[in-house]
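Each chain, written out:
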Amino acid sequence: MPIKPLAFALTAVLGMSFTAPAFAQETREFSVSTVLSDAFPWGQAAEKWAELVSERSDGRLTLKVYPNAQLVSGDQTREFSAMRSGLIDMAVASTINWSPQVPELNLFSLPFLMPDEAAIDAITQGDTGKKIFAAIDKKGVMPLAWGENGFRELSNSKHPINSPADVQGLKVRVVGSPLFLDTFSTLGANPTQMSWADAKPALTTGAIDGQENPLSVFDVARVDQVGQSYLTLWHYMADPLIFGVNKKVWKSLPAADRDLLQQAAIDAGAWEIEKSRNELSETLVAIKERGVEVTELTPEQHQAFVDATAEVYTKWTPRIGAELVAEAQAAIAAR
Ligand code: X2X
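To keep things clear, this report deals only with the structure shown in the data block. Nothing here was measured: the structure is a model prediction, and the numbers come from that model. (Residues numbered from 1 in each chain as written. Predicted model: local features only at pLDDT ≥ 70, side-chain atom pairs only at ≥ 80, totals over all residues. Heavy atoms only, no water.)

### Observations regarding the pattern of salt bridges
So the rule is basically this: We define a salt bridge as a side-chain nitrogen of Lys or Arg found within 4 Å of a carboxyl oxygen belonging to Asp or Glu. Helix and strand definitions follow DSSP, with helices as H or I runs of at least four residues and strands as E runs of at least two, each counted in order from the N terminus. In this scheme, a residue with accessible area under 20% of its type's maximum is buried, one over 50% is exposed, and one in between is partly exposed, where area comes from a 1.4 Å probe on protein chains only.
Applying the stated rule across the entire model yields 18 salt bridges. Across the pair aspartate 137 and lysine 247 runs a salt bridge whose closest N-O atoms are separated by 2.6 Å. One end of the pair, aspartate 137, is in helix 7 (residues 127–138); the other, lysine 247, is in helix 12 (residues 247–252), and 110 residues separate them in sequence. A residue is classified by how much of its surface remains accessible, and aspartate 137, at 29% relative accessible area, is partly exposed. Lysine 158 is the partner of aspartate 209 in a salt bridge, and the nearest nitrogen-oxygen pair spans 3.9 Å. Residue aspartate 209 is located in the loop between helix 10 (196–205) and strand 7 (210–214), and its partner lysine 158 is located in the loop between strand 4 (141–156) and helix 8 (164–167); the two are separated by 51 residues in the primary sequence. Relative accessible area serves as the criterion here: at 6%, aspartate 209 is assigned to the buried category.

As structure tokens, this is what we get:
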């Protein structure tokens, strides 16, 4: 009988709204999308967020983490759109994966913009970071806090890379924004865009020669086991992580829960940034111990890469916003 469940549902709804204010009692579960699992700092950031939210809400709010971009069938560049439309409630996401929908996020992918960790912080923790959050907000997702995937280093199966000439003709897997195609094409490589889910099989079969990812990803995903024997520490860019919430979900939350969620994201992000930075040197030792040949560039070798990729700025600065790029450069210079 259809009447019964309906009557039951109405009683439940009315009962709930009459017995107590909704914000005090309502138990809610939200989905959180990540690309990498909790074997990686990235997934750990999301789990930490979930843990803090559960603790601080006495179990009233649950964040359920769905790793491996499974909520978008592995297609990580669709995550932002899926969040905006409400298919995903929340995410801890790389700036790279959201950059197709939020052009300002390409800022972080400009080659050699950020020489060190202090430069990342100068952007994310300053006015530029606020402007970037405003751009995300304007595109339909509520940004709450920053985390970090890390400086992305270049690996390949063919030979050590010391100079742009060594990159010539290499088939390199890149992700996300077309900016990466420009960076690698400018260097004379043969870049191919594909998701992380497709990257490891392509490395295994030799369909591609190289990839770029932070040391933590190279290490945990055992990229050395799929023939990537050469790793160059060129620090050409770093992708921060962003904790974000679907706008409808955000608006549905009482102010106290919004504060709780945001503070937990800020705390989880700060925890993860510190942890992943602290683990870097140990990770590098582990990678070297597995026999990977690690190349550290001299200042002159590094500069050759900076010079060779300069034209990426010409094309991408107007797309990102000339003012935003200039402001980021000034913040970095003043760090
Ligand atoms: O796909 C990648 O390379 C990864 C896991 O680093 C991102 O999602 C940006």
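That shown, we press on.
### With respect to the site of the ligand
Short version of the rule: Each residue is tested against the molecule or strand, and it is near if at least one of its non-hydrogen atoms lies within 4 Å. Polar contact is the term for a pair of N or O atoms within 3.5 Å; when the atoms are in protein, one must be able to donate a hydrogen and the other to accept it, and sequence-neighboring residues count only if both atoms are side-chain atoms. For the area figures, the Shrake-Rupley method with a 1.4 Å probe applies, and any residue is considered shielded solely by the protein chains shown. Ten residues, namely Ala, Val, Leu, Ile, Met, Phe, Trp, Tyr, Cys and Pro, are considered nonpolar, four, namely Asp, Glu, Lys and Arg, are considered charged, and the remaining ones, Gly among them, are considered polar.
Near the ligand you find 13 residues, and of these Gln76, Asn97, Arg152, Arg173 and Asn213 are the closest. Between an oxygen atom of the ligand and a side-chain N or O atom of asparagine 97, the distance comes to 2.9 Å. For the ligand, whose accessible area on its own is 270 Å², the fraction buried by protein is 100%. A per-class count over the shell around the ligand returns five nonpolar, five polar and three charged.

### Structural notes on the packing of aromatic side chains
Formally: Note on aromatic contacts: the rings of Phe and Tyr and the six-membered ring of Trp form a pair at centre separations within 6.5 Å, being stacked when their planes are under 30 degrees apart, edge-to-face when over 60 apart, and tilted otherwise.
Scanning the entire structure with this criterion turns up 10 aromatic pairs. With a centroid separation of 6.4 Å and 65° between ring planes, the pair formed by phenylalanine 112 and tyrosine 236 is classed as edge-to-face. Taken together, the residues phenylalanine 112 in the loop between helix 5 (95–98) and helix 6 (117–124) and tyrosine 236 in the loop between strand 8 (230–233) and strand 9 (238–246) connect sequence positions 124 residues apart. The same class applies to phenylalanine 112 and to tyrosine 236, which are both buried.

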